[in-house]
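A closer look at the structure
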Amino acid sequence: MCVNDWISGESKNIEYKVTLPDRSIKYTKTAVAFANGEGGRIVFGIEDQTLNVVGVPEDQVFTIMDAISNAIADSCEPLIIPDIAMRDVDGKTVIVAEIMPGRQRPYYIKSLGREQGTFVRVAGTTRQADMPLIKELLFEGSNRSFDQTICLELEASEQNIAELCDAMTAVAKANAKDGADKVRAVTVNQLLSWGVLVERDGELKPTNAYAVLAGINGPVRSVIQCGVFKGSTKAVFVDRREFTGAPWELIEQAYQYVLRNIHMGARFEGVYRQDVYEIPPDAIRELIINAVVHRSYIDHSSIQVAIYDDRLEITSPGRLPAGQNFTRMKEGYSKIRNEALASAFAYMGLIEHWGSGIPRIIGAVREAGLREPEFLGGDTDLRINIYRQSAAEVCDTAVGVPDTVEHVPDTALGVPDTVENVPDTALGVPDTVEHVPDTAEWLTPVQNTVYQYVREKGHANTDEVSVLLDVQPRRARKVLSDLINRGLLLRVGAARSTRYILADATAQEGGA
């Protein structure tokens, strides 16, 4: 067999040893790392830097094979039994120890203990696992989902649960493609079936998924950090934002942030003008949704959305779930890490068929004439890059009638090149009713529904909003209060005559 037929540099799944090391831990920790990951091979008799085939002495082959097998079996916990074999490479004998992916994770070196002796494979090297990763491995080994585990630091009253049900129902209605009237309201029983709640001793206990859906940071961390950088590295910050709250709010805020900070051109079809973003908005939104629903919530890091001169980069904490890899992702294979959140997101219309998100993203990016998204990491986090076009390219490649495309500035909310010039009013409310946008970009779907209703009718009361959203009056009051806090609505009147109007309406009346 020719060495080039199957040997390449050290990688996630292969490691070379020129001779049998004097200390077995030099390769048993790699066996542990392979068992904790996708499996792999340790090849003895090949130099790792040059890939020079040295081979092992013919008279020691079986002695070395026994030593390798015994060292791995005796040193690792739970038991790892390698498949040891000889191979002839360019006339020389090498020994291959193949380790299969383990199901009883985490695997570790017995003499070091689980905390110090758990290893994983990261970019072709063997590294000690930190506590969040060990905890992730424990859940994989027990076939449990972290988000369905009771959150001991959290309590949820009946009112809290009812408010969450109302909020999720409202989001589902706003996203419904077949009409809001066909959406069934979320119930406590539904939350129990998903694992958002768990019943213990006759009491309802919130899980980690409940904390995420309710936007409660502390027990778990649900944060998206967004930033704009000058150049292609993080050396120079131009702008940064951090968003917290319910997941549907995080998604919308991060999505709008990206749209405000990428190029936009225009195309004309007849007399009609259509805005064209350099990156398909559907792909951006899908990437953010995937990061929120599939990230590891054991890891307290934040999702990061970074906009560079040459790319959009979205980083999701946590390694790929057991059994998942980039090839399978691109083919539409789905491996659910957070089962309760996935069910809740599907109900709310934030995700569709399992595994369809990544293929849709790739398809949308290709149709836009961009290079295929780049998938990186997967060992400790997942990073996806979509490479941008220049402002000129946005215009030149706009689909439709190329000769009539005109360039439009990046947007009035674009971020300047220097930190000192970052506008403080990027999210400001327009001063006049005439300039109020048709859709308030920074609002959640529920808030935007109410806001548009008030704009069209001129005013609204709690009962009208309750009917509009099909929620309890207390939930309607909460949405209206949020719009007041954002400076978009004002409350006028009292008691039964209370109504809500556009904040700018009073300014106009006063100046009339």
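Residues numbered from 1 in each chain as written. Predicted model: local features only at pLDDT ≥ 70, side-chain atom pairs only at ≥ 80, totals over all residues. Heavy atoms only, no water.

The protein is annotated in an unreviewed UniProt entry as ATP-binding protein from Bifidobacterium samirii.

**A few points about the overall build of the protein**
Formally: Helix and strand assignments follow DSSP, with helices taken as H or I runs no shorter than four residues and strands as E runs no shorter than two, numbered in order from the N terminus. Burial classes: relative accessible area under 20% of the type maximum marks a residue as buried, over 50% as exposed, and values in between as partly exposed (1.4 Å probe, protein chains only). Should any heavy atoms of two residues lie within 4.5 Å, those residues are considered in contact. Accessibility throughout is a Shrake-Rupley quantity obtained with a 1.4 Å probe, and a residue counts as covered only by protein chains that appear here.
Tallying secondary structure elements over the protein gives 17 helices and 21 strands in all. Per-residue burial over the protein gives 47% buried out of 512 residues. Sequence separation of 24 or more characterises 63% of the internal contacts of the protein that already satisfy a separation of 6 or more. Per element, the accessible surface of the protein, about 24700 Å² overall, is 48% carbon and sulfur.

**Re the environment of Gly227**
Relative to the helices and strands, Gly227 is located in strand E11 (residues 223–229). Classification of Gly227 as buried rests on a relative accessible area of 3%. Discounting residues that sit within four places of it in the chain, Gly227 has contacts with Phe237, Asp239, Arg240, Tyr257, Val305, Ala306 and Ile307.

**Quick notes on the packing of aromatic side chains**
So the rule is basically this: In this analysis, rings of Phe, Tyr and Trp, with Trp reduced to its six-membered ring, are considered paired at centre separations within 6.5 Å, and the interplanar angle assigns stacked below 30 degrees, edge-to-face beyond 60, and tilted for intermediate values.
Within this structure, the stated rule accounts for seven aromatic pairs. Seen from their ring centres, Phe229 and Tyr308 are 5.1 Å apart, and the 20 degrees between their planes marks the pair as stacked. With Phe229 in strand E11 and Tyr308 in the loop between strand E15 (303–307) and strand E16 (311–317), this residue pair connects regions lying 79 residues apart in the sequence. The class for Tyr308 is buried, based on a relative accessible area of 2%. For the pair Phe326 and Phe375, a centre-to-centre distance of 5.9 Å together with 45 degrees between the ring planes defines the contact as tilted.

**Considerations on empty space enclosed by the protein**
The line we're drawing: Grid spacing is 1 Å over the protein atoms alone, the probe is 1.4 Å, and a cavity is where that probe fits but cannot get out, while a pocket is an open set with protein on both sides within 12 Å along at least five of seven lines and lining residues have an atom within 4 Å of a point. Grid points are joined across faces, edges and corners, and a volume is the space filled by probe spheres set on the points.
Counted under the stated rule, the structure contains three cavities of 30 Å³ or more. Approximately 450 Å³ is the volume found for the largest cavity. Residue lining of the largest cavity: 31 residues in total, with Asn290, His294, Met329, Ile358 and Leu382 positioned closest to the centre. Within the residue set of the lining of the largest cavity, elements represented by two or more residues are helix H9 (281–294), E16, helix H12 (357–367) and strand E18 (381–387). It is H9 that provides the largest number of residues to the lining of the largest cavity, a total of five residues.

**Quick notes on the confidence of the model for the protein**
The cut-off we apply is this: Each residue carries a pLDDT score, the predictor's confidence in it, ranging from 0 to 100.
Residue-level pLDDT values for the protein average 85, and 84% of them are 70 or greater. Confidence drops under pLDDT 50 across residues 1–5; counting only partners more than four residues distant or on other chains, this segment forms nine contacts. Contacts for the low-pLDDT stretch residues 397–441, under 50 throughout, to residues beyond four places or in other chains number 86 contacts.

**Some points on the pairing of E16**
Heads up, the condition is: Whether two strands pair depends on DSSP finding at least two bridges between them.
Counting buried positions along E16 yields seven of seven residues, so the element is predominantly enclosed. Neither face of E16 is open: one carries Arg311, Glu313, Thr315 and Pro317, the other Leu312, Ile314 and Ser316, and all of them are buried. Note that E15 and E16 share four bridges and pair antiparallel. Pairing of Val305 across the sheet is with Ile314, part of E16. In textbook terms, the turn of a hairpin is the stretch between consecutive antiparallel strands, and for E15 and E16 this stretch comprises three residues.

**Here's the deal with the side chain of Asp379**
To keep things clear, this is the line we draw: A 3.5 Å cut-off defines polar contacts: any pair of N or O atoms within that distance qualifies, except that in protein one atom must be a possible hydrogen donor and the other a possible acceptor, and neighbouring residues in sequence count only when both atoms are side-chain atoms.
Within the secondary structure, Asp379 is located in the loop between strand E17 (374–377) and E18. According to the relative accessible area criterion, Asp379 is buried, its value standing at 10%. A polar side-chain atom of Asp379 sits 3.1 Å from a polar atom in the side chain of Lys12. Among the polar contacts listed, one links the side chain of Asp379 to the backbone nitrogen of Ala123, at a separation of 3.1 Å. When neighbours within four sequence positions are excluded, Asp379 is seen to be in contact with Lys12, Arg121, Val122, Ala123 and Arg319.

**Overview of the sheet that holds strand E21 (residues 499–502)**
Under the convention used in this document: With axes taken as lines fitted to C-alpha atoms, and helix axes fitted only over the stretch in contact, angles between N-to-C directions fall between 0 and 180 degrees.
Pairing in this open sheet of three strands is antiparallel, and the strands run E19-E21-E20 from one edge to the other. Each edge of the open sheet is held by one strand with a lone partner, namely strand E19 (459–460) and strand E20 (489–492). Of the pairings in the sheet, the one linking E20 to E21 comprises four bridges and is antiparallel in character. The partner of Leu490 across the bridge, within E21, is Ile501. Lying on the sheet, helix H16 (residues 473–485) is in contact with E20 and E21; it crosses E20 at an angle near 115 degrees.

**Some thoughts on unusual backbone geometry**
Omega for the bond connecting Glu77 with Pro78 falls within 30 degrees of zero, at -10 degrees, which places this linkage in the cis form. Along the polypeptide, Pro78 turns up in the loop between strand E3 (76–77) and strand E4 (83–89). Across the junction of Arg105 and Pro106, the peptide omega takes the value 5 degrees, indicating a cis bond. Note that Pro106 resides in the loop between strand E5 (92–99) and strand E6 (108–109). Of note in this structure, Leu51 is not a glycine but carries a positive phi near 60 degrees. Looking at the element boundaries, Leu51 is found in the loop between strand E2 (40–44) and helix H2 (61–75). Not every positive phi belongs to a glycine, and Asp201 is a case in point at roughly 55 degrees. Along the chain, Asp201 falls in the loop between strand E9 (197–200) and strand E10 (203–206).

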